[in-house]
Amino acid sequence: MSFNRDIKIAPSILSADFANLGAEIRAVEDQGCDWIHVDPMDGHFVPNLTIGPNVVAAIRPHVKTFMDVHLMIAPADPYIEGFAKAGSDMITVHAEAGPHLQRSLQSIRDLGVKAGVALNMTTPLSVIEYIMDTIDMVLIMTINPGFGGQKFNHSMVEKVRQTRAMIGNRPIHIQVDGGIDPNTAPLVAEAGADVLVAGSAVFRGGSVDNPQAYGQNIAAIRTAANAAL
Ligand code: DX5
Ligand code: ZN
């Protein structure tokens, strides 16, 4: 995958039908999404439990685009190899999830996987200042992680803008996650985000039997974001 800053829509399958994940992934990809965003949670770093490497491996054959795995797990290091072997294209670890962030990111790259770093809302950008050459993506959280359907925090728009300035010409994606919909997408796109995660705003109103709603939702977010550029 060659690097670009075009707007990419990454449906979070946290809002999909968990009894039907393969078909849900095929449906949102057929309907025009760019990446598939997967949210493993450990019930400890965040107050929710979701999926592990076995499920990620099971959905891998259904993902034709790019499988973006956002680990909400602390410590993350013991699980990185498992999620890499499950077929992740990108693994994102939280900066708050361990004491040696550069080691975690390097270990992801050593497994042949792209490395992302997620920052909770209260975590300053300075934590990545000296390790920019080890990062393929910065994920700016726009909610407290753990659940879909939460309200976007508008203070994070300025954080995205500062991230964009810090990155300069480096080939590092800026992802936003939480409360992204056609109203908030233009704000983060204009500030410099290129990967927009959306769970409830993609899956609402649709199903594998009514996938056109997914297509309309994806198009609405993309159109709103591109209009702000
Ligand atoms: C939350 C997850 C998100 C979540 C976003 O902790 O990281 O990816 O699914 O859901 P929405 O788009 O509904 O806020
Ligand atoms: Zn996520």
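All values reported here derive from a predicted model rather than from experimental measurement. (Residues numbered from 1 in each chain as written. Chains lettered and ligands numbered in written order. Predicted model: local features only at pLDDT ≥ 70, side-chain atom pairs only at ≥ 80, totals over all residues. Heavy atoms only, no water.)

**Things to note about the site of ligand 1**
In the neighbourhood of ligand 1, 20 residues make up the surrounding shell, with Ser12, Gly146, Asp177, Gly199 and Ser200 lying closest. Separating an oxygen atom of ligand 1 from a side-chain N or O atom of aspartate 177 is a distance of 2.7 Å. Taken together, the residues that form the shell around ligand 1 break down as eight nonpolar, 10 polar and two charged. (Near = heavy atom within 4 Å. Polar contact = N/O pair within 3.5 Å; in protein donor to acceptor, adjacent residues only side chain to side chain. Nonpolar A, V, L, I, M, F, W, Y, C, P; charged D, E, K, R; others polar.)

**Comments concerning helix α3 (residues 77–85)**
Buried within α3 are the following residues: Ile80, Phe83 and Ala84. Viewed end-on, α3 has its buried residues packed into an arc of 100 degrees, placing them on one side of the element. Away from its buried face by more than 90 degrees, α3 exposes Pro78 and Lys85. Buried positions along α3 lie against α2 (53–59), β3 (67–70), β4 (90–94) and α4 (101–110). Phi turns positive, to about 105 degrees, at glycine 87, one or two residues after α3. (Buried < 20%, exposed > 50% of the residue type's maximum accessible area, 1.4 Å probe, protein only. Helix = DSSP H or I, 4+ residues; strand = E, 2+ residues; numbered from the N terminus. Arc of directions from axis to C-beta. Contact = heavy atoms within 4.5 Å.)

**Things to note about the side chain of glutamate 29**
Summarising the element assignment, glutamate 29 is placed in helix α1 (residues 21–30). Buried and unpaired, glutamate 29 has no salt bridge, with lysine 64 as the nearest side chain of opposite charge at 6.4 Å. If we ignore the near neighbours within four places in the chain, the residues touching glutamate 29 are Ile36, His62, Val63, Lys64 and Thr65. (Lys, Arg positive; Asp, Glu negative; His and termini not counted. Salt bridge = Lys/Arg side-chain N within 4 Å of Asp/Glu carboxyl O.)

**Some remarks on the coordination of the zinc ion (ligand 2)**
For a metal with four tetrahedral donors the ideal donor-metal-donor angle is 109.5 degrees, whereas six octahedral donors ideally subtend 90 or 180 degrees. Looking at the zinc ion (ligand 2), the protein donor atoms are His37 (NE2), Asp39 (OD), His70 (ND1) and Asp177 (OD), and they sit 2.1 to 2.3 Å from it. Its six donor atoms give the zinc ion (ligand 2) angles of 70 to 172 degrees at the centre, a pattern that matches the octahedral case. (Donors = N, O, S within 2.8 Å, 3.2 Å for Na, K, Ca; no water. Tetrahedral: all angles 85-135°; square planar, octahedral: opposite > 155°, others 65-115°.)

**Points about the pairing of strand β8 (residues 195–198)**
Residues Val195 and Val197 line one face of β8 and the alternating positions Leu196 and Ala198 line the opposite face, and both faces are buried. Two elements, strand β1 (residues 8–11) and β8, share four bridges in a ladder whose sense is parallel. From the neighbouring strand, lysine 8 faces β8, where its bridge partner is valine 195. Pairing between strand β7 (residues 173–177) and β8: three bridges, direction parallel. Across the sheet, residue glutamine 175 finds its bridge partner in β8, namely valine 195. With helix α6 (residues 185–191) bridging β7 and the parallel β8, this β-α-β connection has right-handed handedness. (Pairing = 2+ DSSP bridges. Right-handed = clockwise from strand over helix to strand, strands pointing away.)

**Quick word on unusual backbone geometry**
Going from alanine 74 to proline 75, the amide bond is cis rather than trans, its omega being -5 degrees. Looking at the secondary structure, you find proline 75 in the loop between β3 and α3.

**Thoughts on the packing of aromatic side chains**
Counting across every chain of the model gives two aromatic pairs. Arranged with centres 4.3 Å apart and planes meeting at 40 degrees, the rings of tryptophan 35 and phenylalanine 66 form a pair that is tilted. Taken together, the residues span a long stretch of sequence, with tryptophan 35 in the loop between α1 and β2 (36–38) and phenylalanine 66 in the loop between α2 and β3 at a distance of 31 residues. For the pair shown, tryptophan 35 and phenylalanine 66 are each scored as buried. Plain terms: the ring middles of phenylalanine 203 and tyrosine 214 are 5.0 Å apart, the flat faces sit at 70 degrees to each other, and that makes the pair edge-to-face. (Phe/Tyr/Trp six-rings, centres within 6.5 Å; stacked < 30°, edge-to-face > 60°.)

**Comments concerning the pairing of β3**
Burial of the side chains of β3 extends over both faces: Met67 and Val69 are buried on one face and Asp68 and His70 on the other. Direction of pairing for β2 relative to β3: parallel, over a ladder of three bridges. When the sheet's bridge partners are listed, isoleucine 36 is paired in β3 with methionine 67. Note that the unit made of β2, α2 and β3 has a crossover that is right-handed. Note: β3 against β4, three bridges, orientation parallel. Looking at β4, one finds that aspartate 68 is bridged to methionine 90. Following the backbone out of β3, through α3 and into the adjacent parallel β4, one traces a crossover that is right-handed.

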